[in-house]
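Results of the structural survey
The chain contents come next:
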Amino acid sequence: ALSAVERSLALLGLDRIDLMLIHSPLGGRILETWDALQEARRRGWVRQAGVSNFGVGHLEAIGAAGRPPPAVNQFELSPFCQEPALREFCEQRGIVVMGYSP
C-alpha cells in the first residue's frame, strides 16, 4: 500500500495528497493498509487518511488494534439510506462523514 501511495504521487505529479481513502473493507488487509497510510502521513505524502464504505464493526476493529481513527468515512447517504447509527458512531469519535449518492 505504501508503494501505491508513492506511485499515485508520481502519476499525479504531486508532492502530497490531501486525503487518501481505503475504498472498501471487504477482502483486504485493512490494518496493514491503514498502517501504510499512517506511514505515508508521517512521511508527509498524505495530509489525511480516511476510509470509504466502512461500517461500525470495521471502524471498531481499527480502534481495537490501537490504531488512530480515520479522519473521514465516506459512505452512501441519501433520503433512502440515512445510516443513523453509523453517522452517530463517527460523530462520537470525531470522524467526518462524507456522503455520496449513486
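Before going into details, it helps to say that this report is about the structure given with it. (Residues numbered from 1 in each chain as written. Predicted model: local features only at pLDDT ≥ 70, side-chain atom pairs only at ≥ 80, totals over all residues. Heavy atoms only, no water.)

Description of the overall build of the protein chain
The helix and strand inventory of the protein chain stands at 4 helices and 4 strands. Listed by position from the N terminus, the elements making up the protein chain come as α-β-α-β-α-β-α-β. Computed over its C-alpha atoms, the radius of gyration of the protein chain comes to 14 Å, within 12% of the 13 Å expected for a compact globule of 102 residues. Over its C-alpha atoms, taken along the principal directions, the protein chain stretches across nearly 40 × 30 × 25 Å. Within the protein chain, buried positions represent 33% of all 102 residues. A fraction of 57% describes how many contacts in the protein chain between residues 6 or more apart in sequence connect residues 24 or more apart. (Helix = DSSP H or I, 4+ residues; strand = E, 2+ residues; numbered from the N terminus. Rg over C-alpha atoms; globule rule 2.2 N^0.38 Å. Buried < 20%, exposed > 50% of the residue type's maximum accessible area, 1.4 Å probe, protein only. Contact = heavy atoms within 4.5 Å.)

Description of the pairing of strand 3 (residues 72-76)
Counting buried positions along strand 3 gives 4 out of 5 residues, so the element sits mostly inside the fold. Sheet topology places strand 3 next to strand 4 (residues 96-100); 5 bridges connect them, and they run parallel. Within strand 4, the position partnered with Val72 by the bridge is Val96. For the handedness criterion, the β-α-β arrangement of strand 3, helix 4 (residues 84-92) and strand 4 is classed as right-handed. (Pairing = 2+ DSSP bridges. Right-handed = clockwise from strand over helix to strand, strands pointing away.)

Some remarks on the state of the cysteines
One pass over the full model with this rule turns up 0 disulfides. Left without a disulfide partner, Cys81 is nearest to the cysteine sulfur of Cys90, which lies 13 Å away. Take Cys81: its relative accessible area is 18%, and that puts it in the buried class. Judged by relative accessible area, which is 0%, Cys90 ranks as buried. (Disulfide = S-S within 2.5 Å.)

Considering the side chain of Gln38
Along the polypeptide, Gln38 turns up in helix 2 (residues 30-42). The residues contacting Gln38, other than those within four sequence positions of it, are Ala49 and Pro68.

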